[in-house]
Amino acid sequence: MIKQSKWVRAHTNIAFIKYWGKEDETLILPKNNSLSLTLDAFYTDTQVCFDKKLNKDILFIDGEEQDKKALKKAQVILDLVRKEAGIHEFARIDSKNHVPTAAGLASSASGLAALAGAASLAAGLNLTKEELSRLARRGSGSASRSIYGGFAEWQKGSSDIDSFAIPIDEADWDIGMIFIIVDDGRKEVSSTEGMRRVVETSPYYDGWISSTKEDLIDMKSAIKMQDIVKVGEIAERSALKMHALNLSANPPFNYWSPESIEAMRMVSELRKQGYPVYLTMDAGPNVKLICKASQMEELMEKLLQTFHKEQLVMAKPGPGIQILED
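What counts as what
Once a new chain begins, its residue numbering starts again from 1 and follows that chain's sequence as written. Local features in this predicted model are restricted to residues whose pLDDT is 70 or higher, and side-chain atom pairs enter the listing and the counts only when it is 80 or higher, whereas totals over whole chains, interfaces and linings include all residues. Heavy atoms from the whole structure form the basis of all side-chain values; hydrogens and water molecules are not counted. Per the convention used, a helix needs a DSSP run of H or I reaching at least four residues, while a strand needs a run of E reaching at least two, with both numbered from the N terminus. Here the radius of gyration uses the C-alpha set of atoms, whereas the globule reference equals 2.2 Å times the residue count to the power 0.38. Throughout this description, buried means an accessible area under 20% of the type-specific maximum (1.4 Å probe, protein chains only), exposed means over 50%, and partly exposed covers the range between. Angular values range over 0 to 180 degrees, each being the angle between N-to-C directions of two axes fitted as lines to C-alpha atoms, with helices fitted over their stretch in contact. Oblique is the label for any angle not covered by the other classes, which are roughly parallel (under 35 degrees), roughly antiparallel (over 145) and roughly perpendicular (65 to 115). By definition, turning the near helix anticlockwise from the far helix through less than a right angle yields a left-handed crossing, and turning it clockwise yields a right-handed one. Residue contacts are defined here by distance: any two heavy atoms, one from each residue, within 4.5 Å place the two residues in contact. Amino acids are sorted into nonpolar (Ala, Val, Leu, Ile, Met, Phe, Trp, Tyr, Cys and Pro), charged (Asp, Glu, Lys and Arg) and polar (every other residue, Gly among them). Cavities and pockets were defined on a 1 Å grid built from protein atoms only: a cavity is a group of points that admits a 1.4 Å probe but offers it no way out, a pocket is an open group of points flanked by protein on both sides within 12 Å along at least five of seven lines, and a lining residue is one with an atom within 4 Å of any such point. Grid points are joined across faces, edges and corners, and a volume is the space filled by probe spheres set on the points. Pairing of aromatic rings covers Phe, Tyr and Trp, the last counted by its six-membered ring, and requires centre-to-centre distances within 6.5 Å; plane angles under 30 degrees mean stacked, over 60 mean edge-to-face, and any other angle means tilted. Consider the ring centre and the ring normal. A charge sits over the ring if Lys NZ or Arg CZ is within 6 Å of that centre and within 35 degrees of that normal. By definition, the arc is the one covered by directions from the helix axis to the C-beta atoms. Residues grouped as a nonpolar core are buried Ala, Val, Leu, Ile, Met, Phe, Trp, Tyr and Cys residues, joined through side-chain atoms within 4.5 Å. We score Asp and Glu as negative and Lys and Arg as positive, and we do not count His or the chain ends. Each salt bridge in this description consists of a side-chain nitrogen of Lys or Arg and a carboxyl oxygen of Asp or Glu lying within 4 Å of one another. Whenever a nitrogen or oxygen atom comes within 3.5 Å of another N or O atom, the pair is scored as a polar contact, on the condition that within protein one atom can donate a hydrogen and the other can accept it, and that pairs from neighbouring residues in sequence are kept only if both atoms are in side chains. Here the expected length of a helix is defined as 1.5 Å per residue gap, with one fewer gap than residues.

Peer 1: Where do I start with the overall build of the chain in this structure?
Peer 2: Counting its regular elements, the chain contains eight helices and 15 strands. For the chain, the C-alpha radius of gyration of 19 Å lies close to 20 Å, the compact-globule estimate for 326 residues. Dimensions of the chain, computed from the C-alpha atoms along their principal axes, are close to 65 × 45 × 35 Å. When burial is assessed residue by residue, the chain has 55% of its 326 residues classed as buried.

Peer 1: Explanation requested: the packing of helix H1 (residues 68-85) against helix H2 (residues 107-122) in the structure shown.
Peer 2: The packing of two helices is summarised by the inter-axis angle and the distance between the axes. Taken N-terminus to C-terminus, the directions of H1 and H2 make an angle of 30°; their axes are 10 Å apart at the nearest point. It follows from the interaxial angle that H1 and H2 lie roughly parallel. The two elements H1 and H2 meet at a crossing, and its hand is right-handed. Contacts between H1 and H2 pair Lys 73, Ala 74, Ile 77, Leu 78 and Val 81 from the former with Leu 112, Leu 115, Ala 116, Ala 119 and Ser 120 from the latter. Each residue belonging to the contact of H1 with H2 can be placed in one class, and the counts come to eight nonpolar, one polar and one charged.

Peer 1: Sorry, what's going on with the layout of surface pockets here?
Peer 2: Using a probe with the size of a water molecule, rolled over the atoms, empty space left in the structure can be pinpointed. Approximately 300 Å³ is the volume attributed to the second largest pocket. For the second largest pocket, the full set of lining residues is Leu 80, Val 81, Lys 83, Glu 84, Leu 125, Leu 127, Glu 131, Arg 134, Leu 135, Arg 138 and Asp 160. Of all the elements in the fold, those that place two or more residues in the lining of the second largest pocket are H1 and helix H3 (129-139). Of the residues that constitute the lining of the second largest pocket, the class distribution is five nonpolar, no polar and six charged.

Peer 1: Sorry if this is basic, but what is going on with the packing of aromatic side chains here?
Peer 2: The geometry of an aromatic ring pair is captured by two quantities: the separation of the ring centres and the angle between the planes. Here the structure, examined in full by the defined rule, presents six aromatic pairs. Taking the centre distance of 4.7 Å and the plane angle of 75° together, the rings of Tyr 19 and Trp 154 count as edge-to-face. Of the two residues, Tyr 19 is situated in the loop between strand E2 (8-17) and strand E3 (22-24) and Trp 154 in strand E9 (residues 151-155); the sequence distance between them amounts to 135 residues. Look at Phe 253 and Tyr 255: their rings are 5.6 Å apart centre to centre, the planes differ by 80°, and that puts the pair in the edge-to-face class. Here the two residues Phe 253 and Tyr 255 agree in accessibility, since each one is buried. Cluster of aromatic residues (ring-pair linked, three or more members): Phe 16, Phe 151 and Trp 173. A cation over a ring is seen here: Arg 92 above Phe 60, with NZ or CZ 4.1 Å from the ring centre.

Peer 1: Please explain helix H4 (residues 191-201) as it appears in this structure.
Peer 2: Within the sequence span of H4, burial applies to Gly 194, Met 195, Arg 197 and Val 198. The buried side chains of H4 occupy one side of the element, clustering within an arc of 165° when seen end-on. Check the buried side of H4 and you find it contacts E3, helix H5 (205-224) and helix H6 (228-248).

Peer 1: Which parts of the structure should I look at to understand the nonpolar core?
Peer 2: Where a protein is soluble and globular, its nonpolar side chains tend to be buried together. Counting 48 residues, the largest nonpolar core has Trp 20, Val 48, Phe 50, Ile 77, Val 81 and Leu 115 as its most contacted members. Leave out the neighbours within four places in its chain, and Leu 115 touches Thr 46, Val 48, Ala 74, Ile 77 and Ile 93. Counting 25 residues, the second largest nonpolar core, distinct from the first, contains Phe 16, Ile 17, Leu 35 and Met 219.

Peer 1: I keep staring at the side chain of Arg 145 and nothing clicks. Help me out?
Peer 2: Along the chain, Arg 145 turns up in the loop between H3 and E9. Buried charge Arg 145 goes without a salt bridge, the closest partner of opposite sign being Asp 282 at 6.3 Å. Side-chain polar atoms of Arg 145 contact the side chain of Asn 13, separated by 3.0 Å. Beyond its immediate sequence surroundings of up to four residues, Arg 145 is in contact with Asn 13, Ala 15, Tyr 19, Ser 34, Ser 36, Thr 38, Ala 152, Trp 154 and Ala 165.

Peer 1: Whenever I open this one, helix H7 (residues 258-272) confuses me. Can you help?
Peer 2: Since the α-helix turns once every 3.6 residues, residues separated by three or four places project in the same direction. Over its 15 residues, H7 runs 22 Å from end to end, which matches the ideal 21 Å to within 8%, given 1.5 Å per residue. Elements in contact with the buried residues of H7: strand E11 (176-180), H6, strand E12 (278-280), strand E13 (287-291) and helix H8 (296-303). Looking one or two residues past H7, Gly 274 carries a phi angle of roughly 100°, positive in sign.

Peer 1: Sorry if this is basic, but what is going on with the pattern of salt bridges here?
Peer 2: Any two side chains of opposite charge can pair if their charged atoms end up close together. All chains considered together, the criterion is met by 21 salt bridges. Of the charged contacts, one joins Glu 23 and Lys 31 as a salt bridge, the two residues approaching to 3.6 Å between their closest N and O atoms. A residue is classified by how much of its surface remains accessible, and Glu 23, at 55% relative accessible area, is exposed. The exposure class assigned to Lys 31 is partly exposed, which follows from its relative accessible area of 24%.

Shown next, in the form of structure tokens:
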């Protein structure tokens, strides 16, 4: 018997308050709460089919079969779904990825969130958003937040049961982001390895944890007031602190490229010109600009003086996980 889901879509999210470090690597429990904005520009569509004719799990991304390493995270979610549903068939996963993979653009967030939705649907499980968030988290921590549209907070919790994301704000106000893609290749130090190294060796890690709690309170207040300046300032501070931790690790590492520095310089220049523009960066060289959605077109014109058109992507707040109709 074949159990096949409809296509499920999940969008990427970009953390405004970063999570950097795991309390439990197996369960993917973070050291601190984080807060993100789900965006409309990048997303993953996934379909899952449980089929007794299969003799192993297989994963196709954009029509190409993936290796065992790529399949590993997906199998964590598949195994949890099989256990919950009481089924034993192997699965075929088909994904269409509208995000460059492993370049600090949150491809794992959209990919694993879409998989959680599609796998549970194929298995006949009727999961709540909270349960989907918990399930997605087991594949990738940031995927827990992509279940929701707008702003979402991943609550670190203390166990598998209470570590999940909750919706914070629909972000139906004047906020947008511009992605400056300076490199869409794979990074040398993975997020998992980077976090582990920082937690184990950075002398500043305790300061990160304590200051992040304050940043989170301030961020939620700024979002409630729809204050783009405050939101941007706090997000930029959170990102730069995270990257400072990487430089303080032993051995130190860095995700920035020369073009990253140039993008950061431009953000500073745009602020001098009066635009409320702020940057955030994840585990990769690409720079994301937080700005007013109503000013994105004119900001694009200015950025095109330095960057190529194909390097720039505008994004607005995006929706939560969706089941696509045929």
